Amino acid sequence: MPDHRFHTLKRKIFHIIAFLRPLKTTLYICGAAVLITATLFYIANYFLNLYSHIGIGYALLLLALYIIVGLIISFVVAYLVKFIGRLPPLLIIAVIFTILVIFYYYKLGKTYGWTLIAILMLFPSFFVGGLYALHNNKSEKKRRYLQITVSVIGILGIFTSAYLLLYPGKDIQAPINAKSLSNAPEPIEALDPSLPGTAEVAYLCYGSGKDKYRDIYGAGTTIKTPSVDASFLLKSWKGFTGKLRTKYFGFDQTALPLNAQVWYPKHAEAASPLVLIVHGNHLAQDYSDGGYDYLGELLASKGYVVASVDENFLNGSFTDLYKGGLEKENGTRGWLLLKHLELWRKWNDDPSSNFYKKIDMERIALIGHSRGGEAVGHAAFFNTLPCFPDHAQERFNFNFNIQSVIAIAPVDGQYKPASILTPLKDINYFVIHGSHDMDMQSYGGLSTYNRIKFSNGFEGFKAGLYIHRANHGQFNTSWGRRDNWSPSINQFNLKQLMSAEQQQQIAKVYISSFLETTLRDQLVYKPLFMDYRFARQWLPNEIYLNQFEDSKTFLIADYEEDLDLQSATIGDSVISSNHLSVWHEQQQELMWGNALSRAAYIGWDWSAVDTLVGSYTFNLPDSLPKDIANTLLTFTLATSEEDAAHQEKGKKKENTAKDNQNRTKEDEENIKKKDKDSEEKPIDFSIELVDQNDEKIRFLLSECSALQPQIKKKITKFAFLNQWSDAEAISDFFYFDLQNLQRANPTFSFNHLKKISFIFDQINKGVIILDNVGFIEK
């Protein structure tokens, strides 16, 4: 009886469905109605938004084009859907799963992602499908040949793809090193800062004593430390993945541990400067804090106490599943550093501590890598505040004397206090970044660098170093050569990278020198931050671009004051030009945004008429506010890839000179050759100084250095895989000693300087990015 009722109910349901199901002709009519309605809706909105701006003729033409293209795409998609509907469910599942893996699990870029999807779908299908069809085909000879061909294509495709994915890439011809073409300054006469000092190095770890996976922070820890509550700041440790994270680590955001590995001078006679190092984001279970051992041992041998802080529990973990890690946690990373400093302050004041009176709390430096490179900026910022900027009830009482901050390949803006980029003031800052960073492909640290301001009375500097062929991971001994996991890393050309030893040598030279300069006033090392050639005897032979600004810099033009192209930073000065093809000011753009610094874009092109040499001139007031006779004339320059050709009003930016139409074929070839030479060579030009007596001094930019062309990274194995620009405009620092110029021109009056002109007379065309023109006290 129950079975009979079930069948009766089933018949009624099918009867209702059949009754409600529309006829095919009805569906066609519905489709036509929807199509007409959608088309009319589109036309109405299109005309309301556009036709009044471009005219009825262009509006109708574009409208027809868009509708035709839209209909074609719609028909193609419709028939593809219809075709897919006939495919076996297993094949559809395989296609969807492959796309899911590439774009959701691996989060690959579109070009590389679709390339891998095509490889994963086509070649295995050809090979397996061809063999299966061949096995079942017993008679048709022609079809067997086709099936064999398809199978061979499949297996060759599989092996070729595997080879291309696994091979490391190839060496690339090194670009021209512009600074190597100029006379280098005399090298620094000082001890090699990368060599160990004389102190015997001791090692210990401090931590919670409860770590479930690492003995150095568990039963084997030397000093047990309390946990801290970061729930006011860390909001993304929540939900299902938060519970999994808590289950794995054994604590949550309310009880974060304070763990670190410490290198220190065993028999220090005086209090030592304190350096904290913090890693960035990496797999939480592949511990990162031990990767700065080469810095810890070096600095401790020189008398520093160095603590490499464990924040692996904030990194991406296998427990994150679909979420992909914590969000906006970089503020927490920075805040934790300050909680570590509180420990050191307590130990330094505690007679029962091993570090009693052993720490110089007036000389503190923070070093961070990747997300840690952003975190050290947050720490320096929080250190100055009375309370947390996003929650006033969380009071701060840090006030440490953090003198120096070092950022290694940092991110910027992952966390924004009060929804703004972290502002920094009166801090010594150094950022180091590799051109072949396959994680942070853009020089993001320049944004932080440009935000740092100096007040009157502060004595310090900020500096940057951009290194050709350096990557992201080799600054950490546990991260290494591969900046990402497979298959993401397999698109990159790893062969061209410098060795880990070379990269860490650069880090040792610069980080040691920065700390010696800013914490110990060893000013002998300061020049290498203006120009790496002062330290070339200690560095691998590579291309380096320096950024530098001293707190004693007196700026003529930083291009931040207004939108008037003819005004400069100091009052009563006027900027003028002659025969320029490009002259505008804008935010200096980098690959992943701008560098938060306005600059002047200046271009010239005398390809057609050699007599029209361009110039860009600062006309200074009758008296400068400062005595400049004993200073360095300084500015930053980068090469822009903007088109340098002249543009006449109402014409395309092509060959616009009046005599272009009269050029012969030979003239065109000579111009093309000249243009190609200009693109391949570093840029040089003349600089002319004029005093109020109209005496002149003229010298070449290359007396410091010619301007480096933009470095083409060729970061991927094949150009089409690169989803970002192959180069970005990185500024380099230029300086000229006015005392040397005075000795060669004794009658010239620098304190009555009237004009500074850049005269583009050495190379026929180019566009430069000029910023921060001024003078630095020696």
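Computed from a predicted model, the values in this text were never measured in an experiment.

**Student:** Honestly, the environment of Ser581 in this entry has me stumped. Any pointers?
**Tutor:** Mapped onto the elements of the fold, Ser581 is located in the loop between β14 (574–578) and β15 (582–590). Considered as a pair, Ser581 and Gly603 are 22 residues apart in the sequence and their alpha carbons are 5.3 Å apart. A polar contact is formed between the side chain of Ser581 and the backbone nitrogen of Trp604, at a distance of 3.3 Å.

**Student:** What should I look at first to understand the packing of aromatic side chains in this one?
**Tutor:** The geometry of an aromatic ring pair is captured by the separation of the ring centres together with the interplanar angle, meaning the angle of the planes. Inspection of the entire model under this criterion finds 53 aromatic pairs. Their ring planes at 40° and their centres at 6.2 Å tell us that Phe381 and Phe382 sit as a pair that is tilted. Residue Phe381 shares its accessibility class with Phe382, and that shared class is buried. Summarising the aromatic geometry, the rings of Phe382 and Tyr415 are spaced 6.4 Å apart at their centres and angled 70° between planes, so their arrangement reads as edge-to-face. Here Tyr415 lies in the loop between β9 (402–408) and β10 (428–434) and Phe382 lies in helix α10 (residues 371–382), a separation of 33 residues in the sequence. Neither residue differs from the other here; Phe382 and Tyr415 are each classed as buried. Taken together, the ring pairs connect Trp583, Trp604, Tyr616, Phe618, Phe635, Phe685, Phe699, Phe734, Phe736, Phe758 and Phe760 into an aromatic cluster. Just above the ring of Tyr287 sits the side chain of Arg214; from NZ or CZ to the centre is 4.1 Å. For Arg520, the ring lying beneath its charged end belongs to Tyr304, and the centroid distance is 4.1 Å.

**Student:** Got a minute to help me understand the sheet that holds strand β12 (residues 544–550) in this structure?
**Tutor:** Pairing between the strands of a sheet comes from backbone hydrogen bonds, and it takes one of two forms, parallel or antiparallel. Read from one edge to the other, the open sheet built from 10 strands follows the order β2-β1-β3-β5-β4-β6-β9-β10-β11-β12, with strand pairing classed as mixed. Of all strands in the sheet, those with a lone pairing partner are β2 (223–224) and β12, marking the two edges. The sheet contact formed by strand β1 (residues 201–207) and strand β3 (residues 259–265) spans 6 bridges and is antiparallel. The residue of β3 that forms the bridge with Tyr203 is Trp263. Strands β1, β3, β4 (272–278) and β5 (305–310) of the sheet are contacted by helix α8 (residues 293–301), whose axis makes an angle of about 35° with β3. Helix α12 (residues 500–520) contacts β4, β6 (359–369), β9, β10, β11 (461–467) and β12 of the sheet and is inclined by roughly 165° relative to β9.

**Student:** Please explain a nonpolar patch on the surface as it appears in this structure.
**Tutor:** There is a patch of nonpolar side chains on the surface, built from Phe97, Leu100, Tyr104, Tyr105, Tyr106, Phe240, Leu321 and Tyr322 and spanning about 880 Å² of accessible area. The residue Tyr106 is located in the loop between α4 (89–105) and α5 (110–136) in this model. Since its relative accessible area comes to 40%, Tyr106 is described here as partly exposed.

**Student:** I would appreciate a short explanation of α8 in the present structure.
**Tutor:** Taken across its 9 residues, α8 has 7 buried, putting it largely inside the fold. Listed as buried for α8 are Tyr294, Leu295, Gly296, Leu298, Leu299, Ala300 and Ser301. Against the buried residues of α8 lie β1, β3, β4, β5 and α12. One or two positions beyond α8, positive phi appears at Gly303, with a value near 100°.

**Student:** I would appreciate a short explanation of the pairing of strand β20 (residues 696–700) in the present structure.
**Tutor:** The two faces of the sheet receive side chains in turn, since in a regular strand these alternate between them. Residues Ile697 and Phe699 line the buried face of β20, whereas the alternating positions Lys696, Arg698 and Leu700 sit on a face that is not buried. Bridge analysis of strand β19 (residues 686–691) against β20 gives 5 bridges, and the strand direction is antiparallel. Within β20, the residue paired with Ile687 across the bridge is Phe699. Between β19 and β20, which pair antiparallel one after the other, the connecting turn spans 4 residues, and Asp694 there sits at a positive phi close to 65°.

**Student:** So what exactly am I meant to see when it comes to the environment of Gln503 here?
**Tutor:** Inspection of the secondary structure puts Gln503 in helix α12. Between the C-alpha atom of Gln503 and that of His472, which follows or precedes it by 31 residues, the distance is 10.0 Å. Those residues in contact with Gln503 that sit more than four places away from it in its chain are Ala470, Asn471, Gln474, Phe475 and Met498. A polar contact is formed between the side chain of Gln503 and the side chain of Gln474, at a distance of 2.9 Å.

Conventions and cut-offs
- Residues numbered from 1 in each chain as written.
- Predicted model: local features only at pLDDT ≥ 70, side-chain atom pairs only at ≥ 80, totals over all residues.
- Heavy atoms only, no water.
- Helix = DSSP H or I, 4+ residues; strand = E, 2+ residues; numbered from the N terminus.
- Polar contact = N/O pair within 3.5 Å; in protein donor to acceptor, adjacent residues only side chain to side chain.
- Phe/Tyr/Trp six-rings, centres within 6.5 Å; stacked < 30°, edge-to-face > 60°.
- Buried < 20%, exposed > 50% of the residue type's maximum accessible area, 1.4 Å probe, protein only.
- Lys NZ or Arg CZ within 6 Å of the ring centre and 35° of its normal.
- Pairing = 2+ DSSP bridges.
- Contact = heavy atoms within 4.5 Å.
- Axes fitted to C-alpha atoms, helices over the stretch in contact; angles between N-to-C directions.
- Patch = residues over 30% accessible without salt bridge, like charges linked within 9 Å, V, L, I, M, F, W, Y side chains within 5 Å.
- Areas by Shrake-Rupley, 256 points an atom, 1.4 Å probe, with all protein chains shown as cover.
- Salt bridge = Lys/Arg side-chain N within 4 Å of Asp/Glu carboxyl O.

These results come straight from atomic positions and should not be treated as a statement about function.
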